[in-house]
Amino acid sequence: MNFCLRLVCLLIAFLMATNALSQDLSGWSDKTVCRLVKSDVGTAYVEEATSRGLGCKAPIKTSKAKPTKSKPNEITIFGSPGDTEIPDKIKWQPNDVTISYYYKQNDTIRLHADRGYKVDPSNNPVEFIKKIEQHKVIDREMATKTAFSYLYYEDGLVIYDAMPPDGRFSMVLDNSSYFSSHSMGKSITSYIIGHAICEGYIASIDAPIADWPLMENTLYYGQPLIKLLNMTAGDTNVIKRNEGNFIKTGRNIHGGAAAGGLSAFAKNPLELANTKPISAPKFSYSNLTADVLFNYMMHRVGLDFDSFITNFYQNKVRIKHPIYLDMNPLEDRQRFPSTEDRIKQGVGRYGVSATRYDYLRIAKAMLDDWQNNTCEGVYLKSIYDRRVSANRRVDTWNKKDRRWGEASFGRVSTKYGGQFWTDAAGLSGRNVLMMNGANGQTIAIDMDKSRIVVISAGKSNHVNEKKLAYEPLKYGRIR
């Protein structure tokens, strides 16, 4: 009897969930959605929670097993089912179905109007001449490691162009696939700020942030732009180093929990309200600083932002596919927010989603500006000349201790300038700017040799950057 009663209750709960999912959930509060996610039928509401960027945890067991102990076709869930990234701190390489799952989770975010800003492609995109060469190292990496895309460009030619073999992952990967920049977007933000300076919206890299009411009574107000660009703004008393969480509240600066963006943070006395920078600050890598930079650019450009950012990507970079800028939702979670409201609340973010060749187009635009000494090129050289010590232990390419995986440009660079890593081991004396992002994203540009490497990946620490990136930059080819 008790069994039958429980069965009836379960069927009723299932039918209620099915009926609810057939309805428009947009009017439901975040609290209600989270409560349902945590219920016995919670998995039915995970998609809605994910679309809002909520950190609700459904009753799904998290797998802690190493790949060698798990079934080859079993998805390993890290943290909450709504999470969209494999944590970089995981030492081992997840299996292909897990990597596929997280790629697809992450790829949906850009399509939500309240979380993304779309820039249409150019009518005259940059095209590349290809002279493709093969290498067994590339074939092995693409067949067994975590890279989704690999491009190597040298002096006007694409030399290496590779993606995983067909069928390896459950999604189709091609030239129209999108990859998240993660922290590579910090460098792209810096480049856009350079463009804003050249267009007259910002005076210089030494201009103080003193005309922005949104940031009054915060530690960033009054500081020269270069301090934020070099990550020396002294915000280690409010934001965790190398992370995106406030120290006192634990709130993440991105996603559903960050609705209202900087305006919400600036009102909270446990986050940014009435804060002061620490004394004698040194370099400290900060996701919050990069968001402040992007929103300051939006503030200075103002209602010209739509035309400004469109002109930048269509006429300067000349992208071939749409590009999506990451945004936090507005405080009232409007589904289709206006640019004006986004600027007022400071919900811009440094990240973008772009296709593999559009990342190459961005890098080539930087290379061309540097070599042609354009206004943006002068900007890139000025932030490079004012780079600072990264203030940390640095790995080497040949280090035998690889407990944390393969060496990467982010770990072998000794200096940081204007949101770019610089001075990588083995490349001393060369003007090389490097962008590095979570889950193994890498762009490295040798301004002297006209060489560019672009790597998009699903998991960090399992891409051989020494062979795929360092050697082509150093020698011109993989050795």
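These numbers come from a predicted model, not from an experiment.

Thresholds, definitions, all that
Residues take numbers from 1 onward in each chain, read along the sequence in its written order. Local features in a predicted model are, by the rule used here, given only for residues with pLDDT of at least 70; side-chain atom pairs are given and counted only at 80 or more, and totals for whole chains, interfaces and linings are based on all residues. Computation of side-chain values: all heavy atoms of the structure, hydrogens and water removed. A helix here means a DSSP run of H or I that spans at least four residues, while a strand means a run of E at least two residues long, and both kinds are numbered starting from the N terminus. Relative accessibility thresholds used throughout: buried, under 20% of the residue-type maximum; exposed, over 50%; partly exposed, between the two (1.4 Å probe, protein chains only). Only the protein chains shown count as cover for residues, and all accessible areas are computed by the Shrake-Rupley method using a 1.4 Å probe. Strands qualify as paired when DSSP identifies two bridges or more between them. Between N-to-C directions, angles span 0 to 180 degrees; the directions come from axes that are lines fitted to C-alpha atoms, helices contributing only their stretch in contact. The bend at a residue is defined as the angle formed between two axes, one fitted to the seven residues ending at that residue and one fitted to the seven starting there. Salt bridges are defined as contacts in which a side-chain nitrogen from Lys or Arg sits within 4 Å of a carboxyl oxygen from Asp or Glu.

Colleague: Any chance you could explain the overall build of the protein here in plain terms?
Modeller: Along the protein, the regular secondary structure elements total 15 helices and 13 strands. A buried classification covers 56% of the 479 residues belonging to the protein. Of the roughly 20700 Å² of accessible surface on the protein, a fraction of 51% belongs to carbon and sulfur atoms.

Colleague: In this structure, what is going on with the sheet that holds strand E5 (residues 178-180)? I would like to understand it.
Modeller: Whenever strands of a sheet pair, they do so through backbone hydrogen bonds, lying parallel or antiparallel. Across the sheet, four strands lie side by side as E1-E6-E7-E5; this open sheet has antiparallel pairing. Strands at the two margins of the open sheet, each flanked by one partner only, are strand E1 (116-119) and E5. The average angle at which neighbouring strand axes cross in this sheet is 25°, direction not considered. Taken together, the three bridges between strand E6 (residues 323-327) and strand E7 (residues 348-355) define a ladder with antiparallel strand orientation.

Colleague: Explanation requested: helix H10 (residues 305-317) in the structure shown.
Modeller: At Asn311, H10 shows its largest bend, some 25°. Of the residues making up H10, those classed as buried are Phe305, Phe308, Ile309, Phe312, Tyr313 and Val317.

Colleague: Help me understand the pairing of strand E4 (residues 157-162), please; the structure alone is not making it clear to me.
Modeller: Along a regular strand, successive side chains alternate from one face of the sheet to the other. Pairing of strand E2 (residues 129-130) with E4 involves two bridges; the strand directions are parallel. Bridge pairing in E4 links Ile129 to Leu157. Of the pairings in the sheet, the one linking strand E3 (residues 147-154) to E4 comprises five bridges and is antiparallel in character. Paired with Tyr150 across the two strands is Ala162, which belongs to E4. Two successive antiparallel strands, E3 and E4, enclose a turn made up of two residues, where Asp155 displays a positive phi of approximately 50°.

Colleague: Whenever I open this one, the pattern of salt bridges confuses me. Can you help?
Modeller: Between side chains of opposite charge, pairing is possible as soon as their charged atoms come close. Taken as a whole and assessed by the stated rule, the structure comprises 22 salt bridges. The residue Lys320 makes a salt bridge to Glu127 at a minimum N-O spacing of 3.5 Å. Residue Lys320 is found in the loop between H10 and E6, and its partner Glu127 is found in the loop between E1 and E2; the two are separated by 193 residues along the sequence. For Lys320, a relative accessible area of 39% puts it in the partly exposed group. Across the pair Arg451 and Glu154 runs a salt bridge, and its minimum N-O distance is 2.9 Å. Of this pair, Arg451 sits in strand E13 (residues 451-457) while Glu154 sits in strand E3, and the two are 297 residues apart along the sequence. Exposure class is identical for Arg451 and Glu154. Each is buried.

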